Amino acid sequence: MADIVNVSGSLRNRLTLTLIGGAAVLAVVLFIVVRGYAAQIAQQGQDSILEASVTSILDTAILRDGQVEVDFPYASLSMLGTDSDDRVFYAIYQDDTLLSGYKALPHDGKSLQNQTVHKTATYVETHVRMATASRILVGANTRTLISVSVAQTQDALQVTLARISRNVGLFGAGFFLLSVLLSFWATATTIRPLKRLTGSVTKRGPKDLSPVASPVPVEMAQLVTSLNSLMGRLDTSLRQSEDFIAEAAHRVRTPLATVRSHAEATLQRVDRDENRQALRSMIRAIDESSRAAGQLLDHAMTTFRADHLERVDVDLVEVLQELVLRLTPFAEMKDIDLVITGEDQVIIQGDSILLQNGIRNLIDNALKYSPAESEISIRVTSQPKPTIEICDQGQGFPEKDMDQLVSRFSRGDNIKGIIGSGLGLTIANDVALAHGGTLTLNNRPGGGACVTFSF
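Basis of the calculations
- Residues numbered from 1 in each chain as written.
- Predicted model: local features only at pLDDT ≥ 70, side-chain atom pairs only at ≥ 80, totals over all residues.
- Heavy atoms only, no water.
- Phe/Tyr/Trp six-rings, centres within 6.5 Å; stacked < 30°, edge-to-face > 60°.
- Helix = DSSP H or I, 4+ residues; strand = E, 2+ residues; numbered from the N terminus.
- Buried < 20%, exposed > 50% of the residue type's maximum accessible area, 1.4 Å probe, protein only.
- Expected span 1.5 Å × (residues − 1).
- Bend = angle between axes of the 7 residues up to and from the residue.
- Salt bridge = Lys/Arg side-chain N within 4 Å of Asp/Glu carboxyl O.
- Pairing = 2+ DSSP bridges.
- Disulfide = S-S within 2.5 Å.
- Axes fitted to C-alpha atoms, helices over the stretch in contact; angles between N-to-C directions.
- Contact = heavy atoms within 4.5 Å.
- Patch = residues over 30% accessible without salt bridge, like charges linked within 9 Å, V, L, I, M, F, W, Y side chains within 5 Å.
- Areas by Shrake-Rupley, 256 points an atom, 1.4 Å probe, with all protein chains shown as cover.
- Lys, Arg positive; Asp, Glu negative; His and termini not counted.
- Charge placed at Lys NZ, Arg CZ, Asp CG, Glu CD.

### Some words on the packing of aromatic side chains
- For the structure on display, the rule yields five aromatic pairs.
- Summarising the aromatic geometry, the rings of Phe89 and Tyr102 are spaced 5.2 Å apart at their centres and angled 85° between planes, so their arrangement reads as edge-to-face. Of the two residues, Phe89 is situated in strand β3 (residues 88-94) and Tyr102 in the loop between β4 (97-101) and β5 (117-123); the sequence distance between them amounts to 13 residues.
- The class of Phe89 is buried, set by a relative accessible area of 7%.

In structure tokens:
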């Protein structure tokens, strides 16, 4: 069962939401700032026209025979025309006396001379923008203050501001959508190195504990350093365990050989049947322990070298011939023929020691489970890919256990009474996997087991 991981949200979602939230705030601020600036510019435009209208009226004011005359220019008000037909109001005062215009229009008698005052006021329940300016007229014996106020409703300005707001809103929405897309892109780009690291670790084999060497962002350096340190400690621990198993197997196998030789010598000198039977059982147990120790040693060596293959050109036919030559004496003890067929030479790139170890265990298994006076056929081919097929005439593999037989210490239920440790097929399978190949088990139609070692 897979380990349960304590998950606390998604880093990608957090980063995406943070960026989108920031983009939303920025879009709102942008809308407020741009609309405010546009309103200020539009208001300044209206104020400039109002000021020009007031100035043009003041310029026509003269003092004649002590009387103020104003030649009201038509253009002074026509310049305030708009598409929305805004209404225009004016008032002309001499000191605090209304000379012409709308009396109810707010009048600021304290307006400074030669300075135009702009303000927003309410007139006939309507908001108006008003400009007021004053000028002192001086006659022979007269000095009087003339002030002019011109006001205009703001319908056109509101229409302009609405159009600007709509355009700015559309621009802000487009900016926000673009920011969302950029947020997803930025998040994916930021997370990509973490995904590459995850994929690199995931694709590793179960025995690959080499450090992560690919470059990573500086923010991930501490994580990768810790990961490399962990894998280094695991690698050291595994090597120590493998070395211990190899050393233990070697130290156990040597005294077992000594004990076996003494047991065999004693067997020759004992006459009582029960004592001879006990010695035979002892020798059998010693053989089983010695074989198990030897295969433990082979397995430890296979596990160690699988991660550090020393690849050279290896002729599979030559390897098989050498192994058959070494195992022939054992085969002759059961009158078993070892027959090699196939091509004269099949060259692959591989670790010769591992290949000999794996193939020897397969042939040894076939010898162990084959009946006396039978034949073991060994066929080697290079097409369509390098393959070694070893078939015997024994009981074959139990169908229900076939998928589990390559597991460590796993044996079929049809081999009772035959010495074995359950590591032979495991070693061969590990060697095949280390070379990128496969180990396939099947039974012959006429009886017997076949093991196919493919590269």
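That covers the picture; the talk isn't over yet.
### Quick notes on helix α3 (residues 155-202)
- For α3, spanning 48 residues, the distance from its first C-alpha to its last is 68 Å, which sits close to the expected 70 Å at 1.5 Å a residue.
- By the largest-angle criterion, Arg192 marks the main kink of α3, which is about 35°, and a proline, Pro193, follows within four residues.

### Remarks on the pattern of salt bridges
- Within the structure shown, the criterion is met by five salt bridges.
- Put simply, Asp47 and Arg129 hold a salt bridge, and the shortest N to O gap is 2.8 Å. Within this pair, whereas Asp47 is found in helix α1 (residues 11-59), its partner Arg129 is found in strand β6 (residues 126-138), the two being separated by 82 residues in sequence. Neither residue differs from the other here; Asp47 and Arg129 are each classed as buried.
- With its nearest N and O atoms 3.1 Å apart, the salt bridge here joins Arg135 to Asp59.

### Looking at the pairing of strand β14 (residues 449-454)
- Within β14, six of the six residues are buried, leaving the element largely enclosed by the surrounding structure.
- Residue alternation in β14 divides its side chains into two sets, Ala449, Val451 and Phe453 and Cys450, Thr452 and Ser454, and both sets are buried.
- Relative to β14, strand β12 (residues 387-391) runs antiparallel, the two sharing five bridges. Among the inter-strand pairings, Thr387 is bridged to a residue of β14, identified as Ser454.
- Counting the residues that bridge the hairpin from strand β13 (residues 438-443) to β14 gives five residues, and of these Gly447 lies at a positive phi of roughly 110°.

### Here's the deal with the state of the cysteines
- Tallying each qualifying case throughout the model produces one disulfide.
- In this model, Cys391 is linked to Cys450 through a disulfide, with the two sulfur atoms separated by 2.0 Å. Since a negative S-S torsion denotes a left-handed disulfide, the Cys391-Cys450 link at about 115° is right-handed. Separated by 59 residues along the polypeptide, Cys391 in strand β12 and Cys450 in strand β14 bring together distant segments of the chain.

### So, the sheet that holds β4
- Across the sheet, five strands lie side by side as β4-β3-β7-β6-β5; this open sheet has antiparallel pairing. Because the sheet does not close on itself, it has two edges, and the strands there are β4 and β5. The sheet shows a mean angle of 30° between the axes of neighbouring strands, taken without regard to direction.
- Pairing of β6 with strand β7 (residues 143-153), which is carried by 11 bridges, proceeds in the antiparallel orientation. Bridging from a neighbouring strand, Ala133 pairs with Val148 of β7.
- Against the sheet, α1 makes contact with β3, β5, β6 and β7, and its axis sits at roughly 35° relative to β6, the strand it touches most.

### Side note on a negative patch on the surface
- Judged by side-chain charge, Glu332, Asp335, Asp337, Glu373 and Glu375 come together as a negatively charged surface patch.
- By the element assignment, Glu332 lies in helix α6 (residues 316-333).

### Quick word on unusual backbone geometry
- Note the cis peptide between Gln383 and Pro384, where omega equals 0°.
- Of note, Asp95 is a non-glycine position whose phi angle comes to about 55°, a positive value.
- Among the secondary structure elements, Asp95 is positioned in the loop between β3 and β4.
- By relative accessible area, Asp95 is classed as partly exposed at 38%.

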